[in-house]
Amino acid sequence: FKVSKNGLSRGDLSILNMLAGQMNSGFTRSIYMCEGVENFGLEEFFKNEGPVRKFVPVRSTLNIQGLADYAGVDKNIKIFNEFEFGGANGDHIYYDEKNKLIFLTYRQKVASFASYLSIIGRQADAKNVLDNFMAKVSETSLPYTVNNLDRGSILQVIEAYYRAGDKESAAKYGQRFLDNINANVKYFKDLGPKLNSNSMNVQMMNHNMQMANYLVQ
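Note that this is a predicted model, so its numbers are computed, not measured. Residue positions are given per chain, counting from 1 as you read along its sequence in written order. Confidence filtering applies because this is a predicted model: local features only for residues at pLDDT of at least 70, side-chain atom pairs given and counted only at 80 or more, and all residues used for totals across whole chains, interfaces and linings. Side-chain measures here rest on the full set of heavy atoms in the structure, leaving out hydrogens and waters.

**Description of the nonpolar core**
Short version of the rule: The set of buried Ala, Val, Leu, Ile, Met, Phe, Trp, Tyr and Cys residues whose side-chain atoms join them within 4.5 Å is what this entry labels a nonpolar core. Only protein chains enter the calculation, and the probe is 1.4 Å; a residue is then buried if its accessible area is under 20% of its type maximum, exposed if over 50%, and partly exposed in between. A run of DSSP states H or I qualifies as a helix once it reaches four residues; a run of E qualifies as a strand once it reaches two. Both are numbered from the N-terminal end.
Among the nonpolar cores identified, the biggest contains 44 residues, and Phe-103, Phe-113, Met-134 and Phe-177 are the most heavily contacted of them. At the level of secondary structure, the elements contributing two or more residues to this core comprise helix 2 (73–82), helix 3 (97–119), helix 4 (123–136), helix 5 (154–163), helix 6 (167–190) and helix 8 (199–216). With 8 residues, the top contributor of residues to this core is helix 3.

**Thoughts on the pattern of salt bridges**
Our working rule: For this analysis, a salt bridge means a side-chain nitrogen from Lys or Arg found within 4 Å of a carboxyl oxygen belonging to Asp or Glu.
Counted according to the given criterion, the structure contains 12 salt bridges. Glu-139 is the partner of Arg-176 in a salt bridge, and the nearest nitrogen-oxygen pair spans 3.0 Å. Here the residue Arg-176 occupies a position in helix 6, and Glu-139 occupies one in the loop between helix 4 and helix 5, the gap between them amounting to 37 residues. Arg-176 gets classed as partly exposed once you look at its relative accessible area, which sits at 37%. In this structure, the salt-bridge partner of Asp-190 is Lys-186, at a minimum N-O distance of 2.9 Å. Of this pair, Asp-190 and Lys-186 both sit in helix 6, 4 residues apart, roughly one helical turn. The residues Asp-190 and Lys-186 share a single accessibility class, namely exposed.

**Examining the sheet that holds strand 3 (residues 52–55)**
How we decide: Two strands are counted as paired when DSSP detects at least two bridges linking them. What counts as an axis is a line fitted to C-alpha atoms, over the stretch in contact for a helix, and the angles between N-to-C directions run from 0 to 180 degrees. The criterion used for residue contact is that any of the two residues' heavy atoms lie within 4.5 Å.
Here 3 strands make up an open sheet; going across it, the order is 1-3-2 and the pairing antiparallel. Of all the strands in the sheet, just strand 1 (31–33) and strand 2 (46–49) have a single pairing partner and so form its edges. Taking each pair of neighbouring strands and ignoring which way they run, the sheet shows an average axis angle of 40 degrees. Strands strand 1 and strand 3 of the sheet are contacted by helix 1 (residues 10–24), whose axis makes an angle of about 155 degrees with strand 1.

**Considering empty space enclosed by the protein**
Any empty space left between the atoms is revealed when a probe the size of a water molecule rolls over them. What counts is decided by this rule: In this analysis, the protein atoms alone were mapped onto a 1 Å grid. Cavities are point sets where a 1.4 Å probe fits without being able to get out; pockets are open sets with protein on both sides within 12 Å along at least five of seven lines; lining residues have an atom within 4 Å of a point. Grid points are joined across faces, edges and corners, and a volume is the space filled by probe spheres set on the points.
Within the structure shown, the criterion is met by 1 cavity of 30 Å³ or more. In this model, the largest cavity occupies a volume close to 30 Å³. In terms of lining, the largest cavity is formed by Pro-51, Ile-79, Phe-80, Phe-83, Phe-85 and Tyr-106.

**Considering the pairing of strand 3**
In this sheet, strand 3 lies alongside strand 1 in antiparallel orientation, the contact comprising 3 bridges. Along strand 3, the bridge assignment pairs Ile-31 with Phe-55. Relative to strand 3, strand 2 runs antiparallel, the two being bridged by 4 bridges. Its bridge partner being in strand 3, Phe-46 is matched across the sheet by Phe-55. Counting the residues that bridge the hairpin from strand 2 to strand 3 gives 2 residues, and of these Gly-50 lies at a positive phi of roughly 65 degrees.

**Thoughts on unusual backbone geometry**
In this structure, Phe-27 is a non-glycine residue whose phi angle is positive, near 55 degrees. Inspection of the secondary structure puts Phe-27 in the loop between helix 1 and strand 1. Its identity as a non-glycine residue notwithstanding, Phe-85 has a phi of 55 degrees, on the positive side. Examined against the element boundaries, Phe-85 turns out to sit in the loop between helix 2 and helix 3.

**A closer look at the packing of aromatic side chains**
Remark: the centre distance and the inter-plane angle together describe each pair of aromatic rings, the angle taken between the planes. As a reminder, the rule being used: Pairs were defined over the aromatic rings of Phe, Tyr and Trp, the Trp ring being its six-membered one, requiring ring centres within 6.5 Å. Orientation was assigned from the angle between planes: stacked under 30 degrees, edge-to-face over 60, tilted for the rest. We count a charge as sitting over a ring when the NZ of a lysine or the CZ of an arginine lies within 6 Å of the ring centre and within 35 degrees of the ring normal.
Counted by the stated rule, this structure contains 16 aromatic pairs. Summarising the aromatic geometry, the rings of Phe-83 and Tyr-106 are spaced 5.4 Å apart at their centres and angled 70 degrees between planes, so their arrangement reads as edge-to-face. Here Phe-83 is found in the loop between helix 2 and helix 3, whereas its partner Tyr-106 is found in helix 3, with 23 residues between them in sequence. In this structure Phe-83 comes out as partly exposed when scored by relative accessible area, which is 38%. Ring geometry for Tyr-187 and Phe-188: centres 5.4 Å apart, planes at 65 degrees, overall edge-to-face. Residue classification places Phe-188 among the buried positions, given a relative accessible area of 9%. Through a chain of ring-to-ring contacts, the aromatic side chains of Phe-83, Phe-85, Tyr-95, Phe-103, Tyr-106 and Phe-133 assemble into a single cluster. Residue placement shows Arg-53 over the ring face of Phe-46; its charged tip is 5.1 Å from the ring centre.

In structure tokens form, the structure reads like this:
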């Protein structure tokens with residue numbers, strides 16, 4: 001393999017040394033990577049298991065660009081359906097940006113896995129995984145919106161529902177997302193001259209408008 005970085009830190013070398021050690025011992029222990037850890041050019045040897053990536057000494061045979069491979073479909077279904085997501089199903093707990101970022105990753109992982117399930121012909125399981133997540137992580141905990149933290153992850157859920165054949169749920173969340181986007185755009189327009197004084201506001205308004213155009217097409 002070819003390392004996908006121009007330079008390696010001490011931490012990078014430690015991870016590669018760990019992988020090399022397990023290779024020499026015949027992979028007697030499982031190795032998992034969380035989000036934010038480099039793949040080091042070894043993407044073909046990682047498979048998703050729940051919200052983490054598992055290193056396996058066998059190349060992935062999945063040839064669908066942009067879609068992750070999974071270490072056991074039924075095992076992943078069980079992981080996602082049994083996880084409680086920190087009691088985020090109501091509106092009585094405040095989650096700061098750091099915690100919302102964690103839920104954002106979960107939402108993306110669930111949507112990606114549901115799309116994978118639909119592609120391999122398990123649409124009923126895909127809908128079940130999506131329904132389970134949406135019931136356990138409320139809009140209060142992770143809004144259906146576009147902001148600096150979340151550039152529209154709910155759209156991945158909506159598209160996954162379409163792939164699963166559940167147009168009703170896709171339309172429901174799509175309309176809620178569109179309502180929030182329209183409210184965001186109105187807010188930015190109400191800023192008047194102050195809007196152009198902040199490039200981030202202009203950027204976010206444009207991104208909201210692009211999302212709105214995509215949804216109504």
